[in-house]
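Examining the three-dimensional arrangement
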Amino acid sequence: MSTFVIGLSLAALLFILAAGLVLVFGLLGVINLAHGAFYMLGAYVGYQIAAWTGNFWLALALAPVFVAAVAWIAERLTLSKLYDREHYLQFLLTFGLILVINELVRLVWGVGYLRVDAPVLLQGSVDFGTFQVSVYRLFVAFAGLAAAGGLYLVLEKTLIGTVVRAASANSAMVSCLGVNVRRIRSSVFAIGGGLAGFAGVIAAPMVPLSLDMGLIVIIDCFLVIIIGGMGSIRGAVLGAILIGMTRAYGQNFIPQFIDPLTFGVLVAVLLVRPSGIFGRKERMA
Amino acid sequence: MSEKLSFNLTFIVAAVAFLALVPSLGAGERAIYFLSLTLIWGLFAAAFDLSFGVTGLLSFGHAALLGVGAYVFSILTADYGVPWGIGLVAGAATSGLLGLLYGLISMRVGGLFFALVSLAAAELIHILISSTLRDITGGHDGFPAVPRPMIGSSWDFYDNTTFYYLILAIVFVSVLLLAILRSSPFGRLCQGVRLNPVRMTHIGFRIARIRSLALLVSGVFSGISGGLLASLMMFISPETLSWTTSGDVLIMTLLGGAGTLIGPILGALVFETMRDVLSDLTVHWYGLLGLAFILCTIHLPEGLMSLRPGRLLGRLFASRRASKGELETILEGESKWRE
Amino acid sequence: MTNFKSVALAALMGVLSQGAVADEAFHIGAILPFSGPYAFGGEAAKAGMQMAIDERGGKVLGVPIEVSWEDGEANPQVTLKKGTRLIADDVHLLVGEASSPATLALSKLAGRRKVPLLNTISADERITGSEGNRYTFRTSNDFGMETQMTISYYETARPKSVYAVIPDVGAARDLWGKVKDSLPGLGIGVAGEDYPPLGNKDYAVIVNKIANSGADSVLAVLAGGDAVNFIKQAGEVGLTGKVEIFGPTLLEELTAAAVGEASLGVFSGVRYHYSYKNEQNSKFVAAYKEKFGEVPSVFAGEAYDGLSWFLDTVEATGSWDKEAWVDAFSGSTRDSSIEGVKTMRSCNNQAEQIGLMAVVGRGVGDQPELTMQIVEEFPADALFTDCP
């Protein structure tokens, strides 16, 4: 039972992380390799805000905004020039972005490990009788659910969500209707970055902050998306759950095979449904 | 786009002739080691371009093709006493088979999706080599004592300069073969598959087979460069299989000019030079490289080869927005969500 | 300092070897990680080496010392490339690297090209064992020492049962294998064992298994980021209060700070510590604090000690012949080490030295907030068997 809850929290974090990537791909057709770097930036900025104010919640609220701003600027300065060009160029530009962001983080915060403490409210653990789960993990699980629900609602039920979805399907038509497509694109990229930053702050109390944390998670993101189907939020949820549970149960029984097992699941899914479980036909949600 | 065989051949022969003279011109060991490394990466980049620039398959998992070749070669020659040349061939063959496997993947998924899946496949192999198969491969710590060849009693290949000549010879032959292949009918088929897969299918070509074959050949030459790398360093470790290696070769290819034979090799030279020079200047060199790379992607998407006057690179690499028009209709509809 | 016999021998060889001509500078090639996750270690080692050089006025054999600092990136391929370059530039001494595979690769190169290599960071036994060579020396701990210390720890601690968390790496598995064999003789049971992959981020399930296993002691052969993750997550569910956690390379000041309060009470081996009481160490720590504004970390201390030892040996031979240095260094003893007495074993070029075990506690005065407090010192003869 504890394994299940832990798997759920792993899945939740994976989902929040992957959601931004899915959004950017589904709506912009860009695979943002720098997503991991935004995650790391969020964690470090969150650390800084928490260090200055002593308030984790403030960090949780503000760091994603900062990262979103950085993403907006990056998009305006660089990515927007490439939309008419081949996809691999955009892909590669984001690779360049990783290197630059990594170096900037290193310049500001240096090379050691940094630590963020969970807020007092969320410390400690909950006793479920036979096992204990840390309160913070439960919080992460809820945050993931909230994020999934929130994204779904915004994209499907609100006007702005509909505009964004329409713009991705047929930008020319939408701009004929008077919508500023360029701004929408920048916003989507910014929100994707902000989500990554949010994931970073959420993860910060659980992992030591270091310069390679972005590189470590990016593979996980891709796994989630490949399994779930590119451009599908529903798919990302499923992919995250699949991988989170595989990791948790794998650790329980066969820890040294967790990684091959995770990739094995990937291969299995691809053999059965090559475009991912919810891929291709559905671009969003 | 036509690959002028005569141009490529002239360039190759001239370059090799020059490189063969370099040691006699008084180049120190440092320069020779640098050139040896650059030749190996150049071959790898050229092999990569066969898949990417010619056939249009963006693989983000080529590191595994390099690494598997390196490991198979190393294990056979160091642990089983297999002769150097045969070990190299075995490594190349294994990488070729892996390339074929990538080809099978490309039948299921295409475009950017293929890139991601190849990334995942390479990571899986990375993990297998660094932990699961630890007992054969030496795991995270790497595999030491990879031998140099023992050919003829008078040549000591443990001398870096002598080995440099051997590397030059092998890379020369390999690049020659690649040049011939690119200009051959098969090469044209691959380009057709890249430019207009639907049309090719209608004409009756089995594009899946062509892609797989391209990946196989790309794998073979990647494996050769892997074996050479292991033998040069006399050591191989799993770092070579990480996705950053796949990223590096992609950078090299784009920097130099994808879709050309010489571009990627040039790109390898520029990349290695930048690494060496920049890392001497500052600890933040990787960030500067990233910046250079961003600028290149925006302003110089066809790489350095596009700076060559009077050279028309294929329609797919057109950088002027004006030409996108009808191309978009053909390509976006098909290549973005390739079957 | 160095023992008389080897110095005399080296001096004699120095006189006899005509080919060793004096150079204008003593050139050290230092290949350390200055980028990537191990950059902290690289920077600290650089600081320690700098102290060693400054202390002797920046000179040895009457000429200035020049250091080429190269970024090895903890990557064997890059390290080899830099090593080849440095050797082509005629370095007199190589120092490096941090990651064991990179050091192994460098060591092979140094052995082939007959250039002395000083390692003060990597712990893999093979560096001075099965893959060692005449020119490679290590002045810091090796994993064999860690294994012995672990067994000694259990001899004293005598928990009822142990749960082992072993990363899936050869050296760690070997250590656990040997420790496991010694446990039945001590009446200690094995409550369970897990082999998570290196770089694993989530230990929650393993932590749970430990909690349910009834073990009262945990052996975690982790280090760096993995160690931080594990202990942090153990702390989240209060495990750190219920079991005694020990690891040979588990924590030091930086990683303890990254964990936070949960690290209090965790036992770890330390390879060097600033609080170790001896005259040389006190002087070194004071000088280091003055120059860098903080206490020296394990990497700084070991680098300072190793380089000082080697340079003193070079000085004593009075010769420019590398063979003489190597002969003099091997088998030499350093009485003025900041860790007491160290002897360079002539059979494998590994320095025999004390082992230190510490527990994480609160720092007092100007010490870091969370600091390692030495609880036991193991003499060298408890950790090493004689050279055959």
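The following refers to the structure shown. Not measured: the values here are computed from a predicted model. (Residues numbered from 1 in each chain as written. Chains lettered and ligands numbered in written order. Predicted model: local features only at pLDDT ≥ 70, side-chain atom pairs only at ≥ 80, totals over all residues.)

**A closer look at the overall build of chain A**
On a plain count of helices and strands, chain A comes out with 11 helices and 2 strands. Sequence-ordered secondary structure for chain A, helices as α and strands as β, is α-α-α-α-β-β-α-α-α-α-α-α-α. The C-alpha atoms of chain A give 19 Å as radius of gyration, which agrees with the globular expectation for 285 residues (19 Å, within 12%). The C-alpha extent of chain A, read off along each of the three principal axes, is 60 × 50 × 35 Å. Classification of the 285 residues of chain A by burial places 60% in the buried group. Within chain A, contacts between residues at least 6 apart in sequence are counted, and of these 77% link residues at least 24 apart. (Helix = DSSP H or I, 4+ residues; strand = E, 2+ residues; numbered from the N terminus. Rg over C-alpha atoms; globule rule 2.2 N^0.38 Å. Buried ≥ 20, exposed ≤ 12 C-beta atoms within 10 Å, placed from the backbone. Contact = placed C-beta atoms within 7 Å.)

**A word on the interface of chain C and chain B**
Between chain C and chain B, the residue contacts involve 24 residues of the former and 21 residues of the latter. The set of elements that each furnish at least two residues to the side of chain C that touches chain B consists of helix 3 (76–88) and helix 4 (100–113) of chain C. Looking at the side of chain C that touches chain B, its residues break down into 10 nonpolar, 6 polar and 8 charged. (Nonpolar A, V, L, I, M, F, W, Y, C, P; charged D, E, K, R; others polar.)

**Here's the deal with the interface of chain A and chain B**
Opposite the 34 residues of chain A that make contact, chain B presents 31 residues. Of all the secondary structure elements, the ones that give two or more residues to the side of chain A that touches chain B are helix 4 (87–109), helix 9 (213–228) and helix 11 (258–272) of chain A. Among the elements that line the side of chain A that touches chain B, the one with the most residues is helix 4 of chain A, at 15 residues. By residue class, the composition of the side of chain A that touches chain B is 23 nonpolar, 5 polar and 6 charged.

**With respect to the sheet that holds strand 5 (residues 117–119) of chain C**
All names here are of chain C. Spatially, 2-3-1-4-5-6 is the arrangement adopted by the 6 strands of the open sheet, whose pairing is mixed. Each of the sheet's edge strands pairs with one partner strand only, and the pair in question is strand 2 (59–60) and strand 6 (136–138). Bridge count for strand 2 against strand 3 (residues 63–71) is 2 bridges, and the pairing is antiparallel. What sits directly across from Val-60, in strand 3, is Val-63. (Pairing = 2+ DSSP bridges.)

**Comments concerning unusual backbone geometry**
All names here are of chain C. Here the bond from Gly-96 into Glu-97 is cis, since omega is -25°, no more than 30 degrees from zero. On the secondary structure map, Glu-97 appears in the loop between strand 4 (93–96) and helix 4. In this structure, Asp-90 takes a positive phi of about 60° despite not being glycine. Assignment of secondary structure puts Asp-90 in the loop between helix 3 and strand 4. Classification of Asp-90 as exposed rests on a count of 10 C-beta atoms within 10 Å. You will see that Asn-349, though not glycine, has its phi angle at about 60°, which is positive. A tally of 27 C-beta atoms within 10 Å means that Asn-349 is categorised as buried.

**Describing the packing of helix 3 (residues 62–79) of chain B against helix 10 (residues 207–233) of chain B**
Residues and elements named next belong to chain B. Two elements in contact, helix 3 and helix 10, have axes whose closest approach is 7 Å; the angle formed by their N-to-C orientations is 55°. Put simply, helix 3 runs oblique to helix 10. With respect to the hand of their crossing, helix 3 and helix 10 are arranged in right-handed fashion. Contacts between helix 3 and helix 10 involve His-62, Leu-65, Leu-66, Gly-67, Val-68, Gly-69, Ala-70, Phe-73 and Ser-74 on the former and, on the latter, Gly-219, Ser-222, Gly-223, Ile-224, Ser-225, Gly-226, Gly-227, Leu-229 and Ala-230. Among the residues forming the contact of helix 3 with helix 10, the class breakdown is 8 nonpolar, 10 polar and no charged. (Axes fitted to C-alpha atoms, helices over the stretch in contact; angles between N-to-C directions. Parallel < 35°, antiparallel > 145°, perpendicular 65-115°, else oblique. Left-handed = near helix turned anticlockwise from the far one by under 90°.)

**So, the nonpolar core**
Phe-15, Ile-16, Ala-18 and Ala-19 of chain A together with Ala-120 of chain B are the most contacted members of the largest nonpolar core, which has 336 residues in total. The residues touching Ala-120 of chain B, leaving out its near neighbours within four places in the chain, are Phe-222, Leu-223, Ile-226, Phe-263 and Leu-266 of chain A. (Core = buried A, V, L, I, M, F, W, Y, C linked by C-beta atoms within 7 Å.)

**Quick look at helix 2 (residues 35–53) of chain A**
All names here are of chain A. End to end, helix 2 covers 27 Å across 19 residues, agreeing with the expected 27 Å (1.5 Å per residue, within 8%). Of all 19 residues in helix 2, 15 are buried, a share of seventy percent or more. Phi turns positive, to about 70°, at Gly-54, one or two residues after helix 2. (Expected span 1.5 Å × (residues − 1).)

**Comments concerning the sheet that holds strand 14 (residues 351–352) of chain C**
All names here are of chain C. Taken in spatial order, the 3 strands of this open sheet run 12-13-14, and their pairing is antiparallel. Sheet topology places strand 12 (333–337) and strand 14 at the edges, where each strand pairs with a single neighbour. With 3 bridges connecting them, strand 12 and strand 13 (residues 340–344) associate as antiparallel partners. Considered in strand 13, the bridge of Ser-337 is made with Gly-340.

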